[in-house]
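Residue-level structure breakdown
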Amino acid sequence: MQLTKSEALFAEAQRLMPGGVNSPVRSFRAVTGTPPFIASGSGSRVVDVDGNEYIDYLGSWGPLVLGHAHPSVVAALMRAAENGTSFGAPVEQEVELARLITGALPSIESLRLVNSGTEACMSAIRLARAFTGRDKIIKFAGNYHGHADGLLVRAGSGGLTHGIPTSAGVPESYASETLVADFNDLDSVEQLFNSYPNAIAGIIVEPVAGNMGVVGPTPGFLEGLRRVTAHDGAMLIFDEVITGFRVGAGGAQGLYGIMPDITTLGKIIGGGLPVGCYGGRREIMERVAPLGDMYQAGTLSGNPLAVSAGVATLTELRKPGVYEQIDRLATRLTDGVGAAFRINRVGSMFTGFFNPGPVESLAEVEQSDATKYGRYFHALLERGVYIAPSQFEAGFVSTAHTEADIDATIERVREALAELG
Ligand code: PMP
């Protein structure tokens, strides 16, 4: 595989940007080598600047549930662009997107659109604090909720991949308001509530963890979080930035039948453009300015291009059988390669772990052989299959993947694993 142009671009990029990238997870530092610079994407495929083609399971880290350049999304974007790209005034598509989201997620009666998952989670925490009048929050080690200060404490995703789960530059006074529990370990949560009664504003959790590799909730875990938060008067915040409109039309809350107080969304609701969202019960959302005293704002929030892409995406997802289709394809993929190594899958999100035993906790995730994953990653890339360049991330199947794509992928995974020995 030739990466001549990518190598030249990457050399220049490294002079101009830290690590040559605008988000650390893209840098290939954990798996080593040069990231291909992507020139275009269509359906299930992306093509790099040297003309190499890959079957893509990164899906822009989750948003592209319809695949690349889906005709409905492209048409919506063209229409929106011709009418002007930003007004700083309300537009009709914001109402449409809000209607589609509240219609799918009954826990969200009212919502605010923002520009990223980071903003959504940062604002959700502020809202939980405003509503409860309490300062402390609980997060889970290995969960990732974006890069707001108080959430970069024992964070997953790039933090885990690059060995900096707790960022420099976060004041200790600030980090001390973040209490850390263990995912799938309700005892660790109850202990914190016992230690800090009436002081915890809320729990933020990825109901299906995606940022330490995919780890689903063990039976009773989410129900337990609902029970302890309700008992203490704390907010339960589901970070559904990945799982929203991914694991089903009703997100993880629909899949597992749990009503959180506040939900954050991102990725899919922007159809590949920058959108995030936080929402919840009306009485909680009424604390948000201009109705209430919790301030949060955004020049480009509800931007017509971004919300049009979101509306087009959510409209496609309402067609019957879409989730059955992507779940079936993902099952075909994970069944096809499952004998070879440990796969966790929830709906169309999955991770293959180099770990002999079950993976249900961060400790078990960390027992995986990340170096071997790096070699596996390159063996697949060489064969034209693009997965996340880190053991601690999710892969995604889209509606654009075909059975032929999946079968070709299974074949290449087998070859890659055989090469690793
Ligand atoms: N929450 C979760 C669960 C995420 O996976 C991410 C991003 N991967 C975020 C929040 C932050 O979103 P963004 O990168 O759009 O700021």
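The following paragraphs examine the structure supplied in this document. Predicted, not measured: the structure shown is a model, and the values here were computed from it. (Residues numbered from 1 in each chain as written. Predicted model: local features only at pLDDT ≥ 70, side-chain atom pairs only at ≥ 80, totals over all residues. Heavy atoms only, no water.)

**A short note on helix α12 (residues 322-338)**
For the α-helix, the turn length of 3.6 residues means that residues three or four positions removed from each other point alike. The first and last C-alpha atoms of α12 sit 24 Å apart over 17 residues, in line with the 24 Å expected at 1.5 Å per residue. Among all positions in α12, only Val322, Tyr323, Ile326, Leu329, Ala330, Leu333, Thr334, Gly336 and Val337 are buried. (Helix = DSSP H or I, 4+ residues; strand = E, 2+ residues; numbered from the N terminus. Expected span 1.5 Å × (residues − 1). Buried < 20%, exposed > 50% of the residue type's maximum accessible area, 1.4 Å probe, protein only.)

**A few points about the pairing of strand β12 (residues 349-353)**
Across the five residues of β12, five count as buried, placing the element largely inside the fold. Residues Met349, Thr351 and Phe353 line one face of β12 and the alternating positions Phe350 and Gly352 line the opposite face, and both faces are buried. Looking at chain direction, strand β11 (residues 342-346) and β12 are connected through five bridges and run antiparallel. In the strand pairing of β12, Arg345 is matched with Phe350. Count of turn residues in the β11/β12 antiparallel hairpin: two residues, of which Gly347 carries a positive phi of about 60 degrees. Of the strand pairs in this sheet, β12 and strand β14 (residues 395-396) are connected by two bridges, and their pairing is antiparallel. Within the sheet, the bridge partner assigned to Phe350 lies in β14 and is Gly395. (Pairing = 2+ DSSP bridges.)

**Re the pattern of salt bridges**
In total, this model carries 13 salt bridges according to the counting rule given. With a closest N to O distance of 2.5 Å, Arg45 and Asp405 form a salt bridge. Of this pair, Arg45 sits in strand β2 (residues 45-48) while Asp405 sits in helix α15 (residues 403-420), placing them 360 residues apart in sequence. A residue is classified by how much of its surface remains accessible, and Asp405, at 4% relative accessible area, is buried. Connected via shared salt-bridge partners are Arg226, Asp261, Arg281 and Glu283. (Salt bridge = Lys/Arg side-chain N within 4 Å of Asp/Glu carboxyl O.)

In short, the description is geometric, and any link to function would need to be established separately.
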